[in-house]
Amino acid sequence: MYKLETVNNSNFNFIDHFNITTEYKEELLDICTNKNIFKKLLLGKNVKFIKADKEYIGFMWFSKLQHQNYKIHCIKIMPEFNNDIYYGELLKLFNNNASIYIGDNNNLKKELLVDRGFKIVKTIVEMKRPLDKEAVLDFADDDISFRVFVDGEDEYRRCMIQNKVFNSLSRQAIDEEDIQYEKYQKHYIPEGCIFICKGDRDIGYGQIIRKDSRIYIANFGILQTYRGAGYGKQLLTHLLKIAEKFNSSNIYLRCDKDNTDALRLYNSQGFQIIDSYCEYERNEFK
């Protein structure tokens, strides 16, 4: 018989039984002890401990990236227990339509996911670029400008742009609730959320986030009507200039391996592939 619990002051120290990086442990501690009650409840529900016969035997920490899209940061079960059974119980927390990114700091076997109805749907590549490398911009359109996302005003506009940009890439649509949730994440940098505008029209969006002590470009894209005119390169160059303010030697991004147009753009600006990982999707629970 097993039981799941949300993280609290009583069970938090159980993670000392596992080899967790200091950075991850500090982030978990922040979730558990945060004085902002709303933030504590919002983020704490993503840390689940599993008990068997009143004894803690494992835990899972995950985060919601966007609608139906999750990343597992850590999933650990004590080695003396039947790992596959309890891993399976933790994975039941995700519904049948969920896409899951597997974080680096876990010991979850790919075979375990496949056995429980998950399949690999895409391969994501991670790219890196030195920030001291000068960006190459062939031209600049005088009608192009940039503006920072305005909290309380631009949520709908950002949803509209992102959902149109990523619609053809089978990425889950986001809503305004997803954006509100993101504002409470440690990676969120308000001044790094940027619209590119042609005249008075927003034609694309991209943002700078901080993740695991790295600076990333995320949610980057130009509306279909305006692609092929160099606006993506202009937005990317602008984001690189913003990133220079964060005292990081490198900047990173992640991209679908099959998105050849995006990869061509990133390569032209000095990004190189350094790693790859899989996204899983489950259509039917086993």
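Use the structure listed above.
Here's a quick rundown of the structure. (Residues numbered from 1 in each chain as written. Predicted model: local features only at pLDDT ≥ 70, side-chain atom pairs only at ≥ 80, totals over all residues. Heavy atoms only, no water.)

**Thoughts on the overall build of the chain**
Defined as follows: Put simply, DSSP marks the helices as runs of H or I at least four residues long and the strands as runs of E at least two long, and each gets a number from the N terminus on. Whether a residue is buried, partly exposed or exposed follows from its accessible area with a 1.4 Å probe, protein chains only, as a fraction of its type maximum: under 20%, in between, or over 50%, in that order. Working rule for contacts: check all heavy atoms of both residues, and any pair within 4.5 Å makes them a contact. The accessible surface values rely on the Shrake-Rupley method and a 1.4 Å probe; as for residues, cover is taken only from the protein chains in view.
Summing up its helical and strand segments, the chain has eight helices and 12 strands in all. Looking at the 286 residues of the chain, the share that counts as buried comes to 51%. By sequence separation, contacts in the chain at least 24 residues apart represent 71% of the contacts at least 6 residues apart. As displayed, the chain has an accessible area near 14,900 Å², and 46% of this comes from carbon and sulfur atoms.

**Focus: the pairing of strand E10 (residues 214–222)**
The following threshold applies: Two strands make a pair as long as DSSP finds a minimum of two bridges between them. Think of it like this: strands point away, you trace from the first strand over the helix to the second, and a clockwise trace means the crossover is right-handed.
Counting buried positions over the nine residues of E10 gives eight, a clear majority of the element. Here strand E9 (residues 201–211) runs beside E10; their pairing, made up of seven bridges, is antiparallel. What sits directly across from Gly 204, in E10, is Ile 222. When E10 meets strand E11 (residues 250–256), the two strands line up parallel, connected through two bridges. Counted as the bridge partner of Ile 217 is Leu 253 from E11. Handedness of the β-α-β unit built from E10, helix H7 (residues 231–243) and E11 comes out right-handed.

**What to know about the packing of aromatic side chains**
Selection criterion: Aromatic rings from Phe, Tyr and Trp, with only the six-membered ring used for Trp, were paired whenever their centres fell within 6.5 Å, and each pair was classed as stacked if the ring planes differed by under 30 degrees, edge-to-face if by over 60, and tilted otherwise. By definition here, charges over rings are those cases where NZ of Lys or CZ of Arg is within 6 Å of the ring centre and within 35 degrees of the ring normal.
Under the criterion given, the structure shown has 11 aromatic pairs. Centre to centre, the rings of Phe 14 and Tyr 56 are 5.8 Å apart; their planes meet at 40 degrees, and the pair counts as tilted. With Phe 14 in the loop between strand E1 (2–6) and helix H1 (22–33) and Tyr 56 in strand E3 (residues 55–66), the pair connects residues that are 42 residues apart, well separated along the chain. Residues Phe 14 and Tyr 56 agree in their burial class; the two are buried. An angle of 70 degrees between the planes, with centres 6.0 Å apart, marks the rings of Phe 49 and Tyr 56 as edge-to-face. A relative accessible area of 1% means that Phe 49 is categorised as buried. Through a chain of ring-to-ring contacts, the aromatic side chains of Phe 14, Phe 49, Tyr 56 and Phe 59 assemble into a single cluster. Directly above the aromatic system of Tyr 252 lies the positively charged group of Arg 214, at a separation of 4.2 Å from the ring centroid.

**A closer look at H7**
Going by this rule: The length a helix should cover is 1.5 Å for every residue beyond the first.
Taking 1.5 Å of rise per residue, the 13 residues of H7 would be expected to cover 18 Å, and the 18 Å separating its terminal C-alpha atoms lies within 8% of that figure. Burial runs high along H7: 11 of the 13 residues are buried. Along H7, the positions that sit buried rather than exposed are Tyr 231, Gly 232, Lys 233, Gln 234, Leu 235, Leu 236, Thr 237, Leu 239, Leu 240, Ile 242 and Ala 243.

**With respect to the packing of H7 against helix H8 (residues 260–268)**
The criterion, for reference: Structural elements are reduced to axes, namely lines fitted to C-alpha atoms, with helices fitted over the stretch in contact, and the angle between N-to-C directions of any two is expressed from 0 to 180 degrees. For classification purposes, angles smaller than 35 degrees are called roughly parallel, those larger than 145 roughly antiparallel, those between 65 and 115 roughly perpendicular, and all remaining angles oblique. When the near helix sits turned anticlockwise from the far one by under a right angle, the crossing is termed left-handed; a clockwise turn instead gives a right-handed crossing. Under the scheme applied here, ten amino acids are nonpolar (Ala, Val, Leu, Ile, Met, Phe, Trp, Tyr, Cys and Pro), four are charged (Asp, Glu, Lys and Arg), and all others, including Gly, are polar.
At a closest axis distance of 11 Å, the pairing of H7 and H8 adopts a crossing angle of 50 degrees. Between H7 and H8, the crossing angle belongs to the class labelled oblique. Pair H7 / H8 crosses with right-handed handedness. Taken together, the residues of H8 that come into contact with H7 (itself represented by Gly 232, Lys 233 and Leu 236) are Leu 265, Tyr 266 and Ser 268. Among the residues making up the contact of H7 with H8, the classes are represented as three nonpolar, two polar and one charged.

**Regarding unusual backbone geometry**
Phi angles above zero are rare outside glycine, and Asp 53 is one such case at about 55 degrees. Within the secondary structure, Asp 53 is located in the loop between strand E2 (47–52) and E3. Positive phi, normally seen in glycine, also occurs at Lys 54, with a value near 65 degrees. The topology assignment puts Lys 54 in the loop between E2 and E3.

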